[in-house]
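# What the coordinates show
Below, each chain spelled out in residue letters.
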Amino acid sequence: MSEKKRGKGMFVFICILVFIISFAIGVVTKMTIKPAWSKKYSIEWSDEIGTLVSDISYGEKDSNKFDLYFPKDNSKANYGLVVYLHAGGFTMGDKSDDKSTLAWLCSKGYVACGINYTLRDETNNASVYTQSMEIKQAMPVVIEEAKKLGYNINEMTISGGSAGGCLAMLYAYRDSEESPVPLKMLFEMVGPSSFYVEDWGIYGLDRDTDQAREAAVSLFGAMSGAELTKDMIKDGSYQEYMQPISAYSFVNENSVPSVLLYGEKDKMQPYNGVRHLEKALKDNGVDYKLFVAPHSGHGVQNDDAVMEEFMETVDEYLEKYMPVQ
C-alpha cells in the first residue's frame, strides 16, 4: 500500500474512531457528573417506587429487549408512558444506564420504559436507520405488555440522550403518526438531527478534498446504511440517503412540543447542525424550547444553570402536555 493510500485510510479511520469514542465519552460524563440539583431528577430505584419488569422481548434479535417501570399505584384507568433511549454513539450503551432517570419518571406516576436496540459492530450492518426501525417496532409491544400487566397506556412521551436523542427525535418527528397511542411531547439532549458535511467540520468532513469525502462516505454510510460514493458527497446527492435519519427534515406543523439541550462547544455532535432543527421547529410553529449551554461540550458539564433550567422545563412540559391523572 502506498504512503498516500495509507494516509487516506488512516484519516478515515481516525474520523470514525473519534466519533465513536466521543459519543462514548458522552455516556461516561452523563453517569459520573452529578450536581446537587440533579437529585430531584435522578433517584435510586427501590420497591417503594413500584415494580420493575426487565428484559421483555419485542423482536427476534438478542438486543430486542425492554424494561418497564410501573408505579406503585396500579388503580388508575390510564397511564402515561415515558420512553427514554440510551446513549452510546450507536455502538455501545444499555437501557440500564438510565435506571435513575427512569426511576424518577416512574416516581412521578408514569410508566417508564428503557429500550435496547442492535448496536453497530464489525459483524453486522446496524445503522441509525435500522436502530430507529427497531424502536418503532418496539412501541406496540411496549403498550401491549403494559396492558397485560394491568397498566393501560393512553398517551406517551419519548426522550433520550446523544444517540438516544437522535433516535427519539426520529420517532417523534418521523414515526409518531404510526404510534399506537398519541405522542404528546419530546425531550432530548445533544442528539444529532442532520447530516451535512459542511456542519461536520469537527471530523474534517467539510474539507474539499478526496480524503474528507472518503471519510464522509465511511461515516455517513455507516450511519445511514446506504452505499455512498465520493461523487455523491461532492455533488450533494448523498443528502437523499441521509434524509431518512435526519430528524429535522420530518418536522411539520403537527410535530409535538419539544424541549432540547445542546452544548455550543460540542466537539462530538456538531452544534452547527442544530440550526436546521431550530429553523424547522420555528418555521412550523412548533412549541419548543431550545437550551444552549455556551461553555459546554457534549456532556453539558460546564453549564449547571442551563442544565437545571432544561430539566425544570422538561418537568413543566410533562405537567402541561402529559399530566399524571
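Residue indices begin from 1 for each chain and proceed along its sequence in written order. Residue-level local features of this predicted model are given only where pLDDT is at least 70; pairs of side-chain atoms are given and counted only at 80 or more, and the full residue set underlies all totals for whole chains, interfaces and linings. Side-chain numbers come from the whole structure's heavy atoms, not from hydrogens or water.

### A few points about the overall build of the protein chain
Of the regular secondary structure elements, the protein chain holds nine helices and eight strands. Residue burial is assigned from relative accessible area. The probe radius is 1.4 Å, only protein chains are included, and a residue is buried under 20% of its type maximum, exposed over 50%, and partly exposed in between. Put simply, the protein chain has 325 residues, and 54% of those count as buried. Relative to all contacts within the protein chain whose residues are 6 or more apart in sequence, the contacts with residues 24 or more apart total 74%. For the accessible areas, the method is Shrake-Rupley and the probe is 1.4 Å, while residue cover comes only from the protein chains on display. Of the accessible surface of the protein chain, which amounts to about 14,100 Å², a share of 49% is contributed by carbon and sulfur atoms. Numbering of helices and strands starts at the N terminus; helices are DSSP runs of H or I of at least 4 residues and strands are runs of E of at least 2. Two residues qualify as a contact provided that any one of their heavy atoms is within 4.5 Å of a heavy atom in the partner residue.

### Considering the nonpolar core
Side-chain atoms within 4.5 Å are what join buried Ala, Val, Leu, Ile, Met, Phe, Trp, Tyr and Cys residues into a set we call a nonpolar core. By size, the foremost hydrophobic cluster in this structure holds 100 residues, and its most contacted members are Ile115, Ile158, Tyr173 and Phe220. In terms of residues, this core owes the most to one element, helix H4 (residues 163–175), which gives nine residues. Discounting residues that sit within four places of it in the chain, Tyr173 has contacts with Leu186, Ala247, Phe250, Val251, Ser255, Val256, Ser258, Leu260, Leu277 and Leu281.

### Side note on the pairing of strand S3 (residues 79–85)
S3 sits mainly inside the fold: seven of its seven residues count as buried. Judged by which residues are buried, S3 turns out to be covered on both faces: Tyr79, Leu81, Val83 and Leu85 on one side and Gly80, Val82 and Tyr84 on the other are all buried. Strands are labelled as partners when DSSP assigns at least two bridges between them. The sheet contact formed by S3 and strand S5 (residues 153–161) spans seven bridges and is parallel. By the bridge assignment, Val82 is partnered in S5 with Thr157.

### Section: the environment of Tyr173
Relative to the assigned elements, Tyr173 resides in helix H4. Assessed through its relative accessible area of 4%, Tyr173 is described here as buried. Polar side-chain contacts of Tyr173 include one of 2.7 Å to the side chain of Ser258. Counting of polar contacts relies on pairs of N or O atoms within 3.5 Å, with two restrictions inside protein: one atom must be capable of donating a hydrogen and the other of accepting it, and residues adjacent in sequence are counted only when both atoms are side-chain atoms.

### Considerations on the pairing of strand S2 (residues 65–71)
Burial analysis of S2 places six of its seven residues in the buried class, which makes it a mostly covered element. Both strand S1 (residues 50–57) and S2 contribute to a ladder of six bridges, which runs antiparallel. Bridge pairing links Leu52 to Tyr69 in S2. Sheet topology note: the S2/strand S4 (residues 111–115) ladder contains four bridges and is antiparallel. Bridge pairing in S4 places Phe66 opposite Ile115.

### What to know about helix H3 (residues 128–148)
What a helix is expected to span follows from its residue count: subtract one and scale by 1.5 Å. Taking 1.5 Å of rise per residue, 21 residues should cover 30 Å, and H3 covers 31 Å from first to last C-alpha, within 8% of that figure. Note that bend, as reported per residue, equals the angle between axes fitted to the 7 residues terminating at that residue and the 7 residues originating from it. When the local axis directions of H3 are compared, the greatest deviation, roughly 30 degrees, occurs at Ala138, which is followed within four positions by the proline Pro140. Along H3, the residues classified as buried are Val128, Gln131, Ser132, Glu134, Ile135, Ala138, Met139, Val142, Ile143, Glu145 and Ala146.

### Observations regarding the sheet that holds S4
Spatial strand order, S1-S2-S4-S3-S5-S6-S7-S8: eight strands in an open sheet with mixed pairing. Edge strands, defined here as strands with exactly one partner in the open sheet, are S1 and strand S8 (288–293). On average, each strand axis in the sheet is inclined to that of its neighbour by 15 degrees, with strand direction left out of account. As defined by bridge partners, strand S7 (residues 258–263) adjoins S8 across six bridges and the pair is classed as parallel. The partner of Leu261 across the bridge, within S8, is Phe291. For every element, the axis is a line fit to its C-alpha atoms; helices are fit only across the contacting stretch, and the angle between N-to-C directions ranges from 0 to 180 degrees.

### Examining the pattern of salt bridges
A carboxyl oxygen of Asp or Glu within 4 Å of a side-chain nitrogen of Lys or Arg is what we treat as a salt bridge. Enumeration over the complete set of coordinates arrives at 12 salt bridges. A salt bridge links Asp283 to Lys279; its shortest N-O distance comes to 2.6 Å. Here Asp283 and its partner Lys279 are both found in helix H8 (residues 274–283), four residues apart, which amounts to about one turn of the helix. Judged on exposure class, the residue Asp283 and its partner Lys279 are both exposed.

### Overview of the packing of aromatic side chains
Aromatic pairs are defined between Phe, Tyr and Trp rings, using the six-membered ring for Trp, whenever the two ring centres lie within 6.5 Å; interplanar angles under 30 degrees are classed as stacked, those over 60 as edge-to-face, and all others as tilted. Inspection of the entire model under this criterion finds 14 aromatic pairs. Aromatic pair Trp37 and Tyr41: ring centres 6.2 Å apart, planes at 65 degrees, arrangement edge-to-face. Taken together, a centroid distance of 5.7 Å and an interplanar angle of 85 degrees make the contact between Trp200 and Phe220 edge-to-face. Highlighted residues: Trp200 in the loop between strand S6 (183–189) and helix H5 (210–224) and Phe220 in helix H5, separated in sequence by 20 residues. Across the pair, Phe220 and Trp200 agree in class, each one buried. Connected via pairs of aromatic rings, a cluster forms that spans Phe195, Trp200, Tyr203, Phe220 and Tyr238.

### Digging into the confidence of the model for the protein chain
Detailed reading of the predicted coordinates is not advisable wherever pLDDT falls low. As a per-residue quantity, pLDDT reports the predictor's confidence and falls between 0 and 100. Across the protein chain, the average pLDDT comes to 91, with 90% of residues at 70 or higher. Between residues 1–14, whose pLDDT stays under 50, and residues either more than four places distant or in other chains, the model counts 15 contacts. Confidence drops under a pLDDT of 50 for residues 26–32, and excluding neighbours within four residues, the segment shows nine contacts in the predicted structure.

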